[in-house]
Amino acid sequence: MIMTDETVRALHGLKLPGMAGCWTSLEETHRLDKLSLRDGMQLMLQHERDTRQANRIARLIRNANFRLKASMEELETDTTRGIPAAEAADLATGGYIRDGRTIIICGPTGTGKSFFACALGERACRQGTKTLYFTMNTLIENLRLVRLEGREANFFRKLSDHGLVIIDDFGMVRLEGQTQHDFEQIIDDRYNRKALILTSQLPVTDWYGVFQSELIAEACLDRIAHKSKRFLLSGESLRKKY
């Protein structure tokens, strides 16, 4: 037991927690002396790989800052609700992320827009994609803060470094002044390069009114609408469930 404790401490000291956990498990199940060095090493290495992968996924999910805990496995697919099973399954493969496409999810309050978006984001994290989630309000707050502190260049680089950005509740706040220019830059930086998910209570045809400038509205919506995949959700409110 003393040797086991020393081994476990040494493995943790070498930043090999998966191997340490595997060693402890083998000791507790009395398998440590029954395995060859080759088999034991392969088993410990696999545990280390699995542990690092699980930790990376957990870190990606935590850093994404999702508003809801959601997963594609929990998503209720129903053509009458606006989420066909085949189309949801296709998105779950992550092809839209590799292609840098935009996903638009519209519908009334409570129809599951945010849950759908967060479920896609959670799946992206599990596939190893760096993801960021914002509500429109929090995005505007971030934009104003980084402008005030002179960190806007770093903020835009951070967004560009993420394979998927989710903006929830687009259209709830009117975009004016510098904020609409900043939003245009986000859209332009991601166009055909990095994936974007937008949710909104407003139909896309009403999005022009969100912008103070018609020119900026046209520039943004031309990029947003082009090659985007759209979902229009409907049905009874799911707020009580989610």
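Details of the structure are given in the entry above.
Residues numbered from 1 in each chain as written. Predicted model: local features only at pLDDT ≥ 70, side-chain atom pairs only at ≥ 80, totals over all residues. Heavy atoms only, no water.

*Asks:* Whenever I open this one, the packing of helix α7 (residues 136–149) against helix α9 (residues 177–190) confuses me. Can you help?
*Replies:* The relative placement of two packed helices comes down to the angle between their axes together with the axis-to-axis distance. Running from N to C, α7 and α9 point in directions that differ by 105 degrees, and their axes come no closer than 10 Å. Considering the angle they form, α7 stands roughly perpendicular to α9. Between α7, through Met136, Leu139, Ile140, Leu143, Arg144 and Arg147, and α9, the contact on the second element is made entirely by Gln178, Thr179, Asp182, Phe183 and Ile186. Each residue belonging to the contact of α7 with α9 can be placed in one class, and the counts come to six nonpolar, two polar and three charged. (Axes fitted to C-alpha atoms, helices over the stretch in contact; angles between N-to-C directions. Helix = DSSP H or I, 4+ residues; strand = E, 2+ residues; numbered from the N terminus. Parallel < 35°, antiparallel > 145°, perpendicular 65-115°, else oblique. Contact = heavy atoms within 4.5 Å. Nonpolar A, V, L, I, M, F, W, Y, C, P; charged D, E, K, R; others polar.)

*Asks:* Just to check I follow, could you spell out empty space enclosed by the protein for this structure?
*Replies:* Gaps between atoms show up when a probe of the same size as a water molecule is rolled over them. Throughout the structure, instances matching the rule amount to one cavity of 30 Å³ or more. Of the pockets and cavities examined, the largest cavity occupies roughly 110 Å³. Residue classes in the lining of the largest cavity are distributed as four nonpolar, four polar and six charged. (1 Å grid on protein atoms, 1.4 Å probe; cavity = no way out; pocket = protein on both sides within 12 Å on 5 of 7 lines; lining within 4 Å. Points joined across faces, edges and corners; volume = space filled by probe spheres on them.)

*Asks:* How should a nonpolar patch on the surface be read in this particular structure?
*Replies:* Together, Leu37, Met41 and Leu45 give the surface a local cluster of nonpolar side chains, amounting to about 300 Å² of exposed area. Following the sequence through the fold, leucine 37 ends up in helix α3 (residues 37–64). (Patch = residues over 30% accessible without salt bridge, like charges linked within 9 Å, V, L, I, M, F, W, Y side chains within 5 Å. Areas by Shrake-Rupley, 256 points an atom, 1.4 Å probe, with all protein chains shown as cover. Salt bridge = Lys/Arg side-chain N within 4 Å of Asp/Glu carboxyl O.)

*Asks:* Is there a simple way to explain the pairing of strand β2 (residues 131–135) in this structure?
*Replies:* Counting buried positions over the five residues of β2 gives five, a clear majority of the element. Burial of β2 is two-sided: the residues Thr131, Tyr133 and Thr135 facing one way and the residues Leu132 and Phe134 facing the other way are all buried. Where β2 and strand β3 (residues 164–168) come together, five bridges link them in parallel fashion. Note on β3: the bridge partner recorded for tyrosine 133 is isoleucine 166. (Buried < 20%, exposed > 50% of the residue type's maximum accessible area, 1.4 Å probe, protein only. Pairing = 2+ DSSP bridges.)

*Asks:* Explain helix α8 (residues 152–160) to me, please; I cannot follow it from the model alone.
*Replies:* Given 3.6 residues to a turn, an α-helix orients residues that are three or four positions apart in the same direction. All of the buried residues in α8 are Phe155, Phe156 and Leu159. For α8, the angular spread of buried residues about the axis comes to 95 degrees, placing them on one side. (Arc of directions from axis to C-beta.)

*Asks:* Just checking my understanding: could you explain the packing of aromatic side chains for this structure?
*Replies:* The relation between two aromatic rings is expressed through the spacing of the ring centres and the mutual angle of the planes. For the structure on display, the rule yields eight aromatic pairs. Where phenylalanine 170 meets phenylalanine 183, the ring centres are 5.4 Å apart and the plane angle is 20 degrees; that geometry is what we call stacked. Of the two residues, phenylalanine 170 sits in the loop between β3 and α9 while phenylalanine 183 sits in helix α9, which places them 13 residues apart along the sequence. Exposure remark for phenylalanine 170: the relative accessible area of 1% places this residue in the buried category. (Phe/Tyr/Trp six-rings, centres within 6.5 Å; stacked < 30°, edge-to-face > 60°.)

*Asks:* Help me understand the nonpolar core, please; the structure alone is not making it clear to me.
*Replies:* Burial of nonpolar side chains together is a common tendency in soluble globular proteins. In terms of nonpolar packing, the biggest core is built from 30 residues, with Leu139, Phe170, Phe183, Trp207, Phe211 and Ile224 touching the most fellow members. Put simply, the parts of the chain that give this core at least two residues each are β1 (102–106), β2, α7, α8, β3, α9, β4 (195–200) and α10 (214–225). If you look at the next biggest cluster of nonpolar residues, it comprises 29 residues, including Phe116, Ala119, Ala124 and Ile197. (Core = buried A, V, L, I, M, F, W, Y, C linked by side-chain atoms within 4.5 Å.)

*Asks:* Please explain unusual backbone geometry as it appears in this structure.
*Replies:* Of all residues except glycine, most have a negative phi; of all peptide bonds, most are trans. If you check the backbone angles, asparagine 65 has positive phi at about 65 degrees while not being a glycine. Residue position: asparagine 65 is located in the loop between α3 and α4 (85–92). For asparagine 65, a relative accessible area of 54% corresponds to the exposed category. In this structure, aspartate 169 is a non-glycine residue whose phi angle is positive, near 65 degrees. Summarising the element assignment, aspartate 169 is placed in the loop between β3 and α9.

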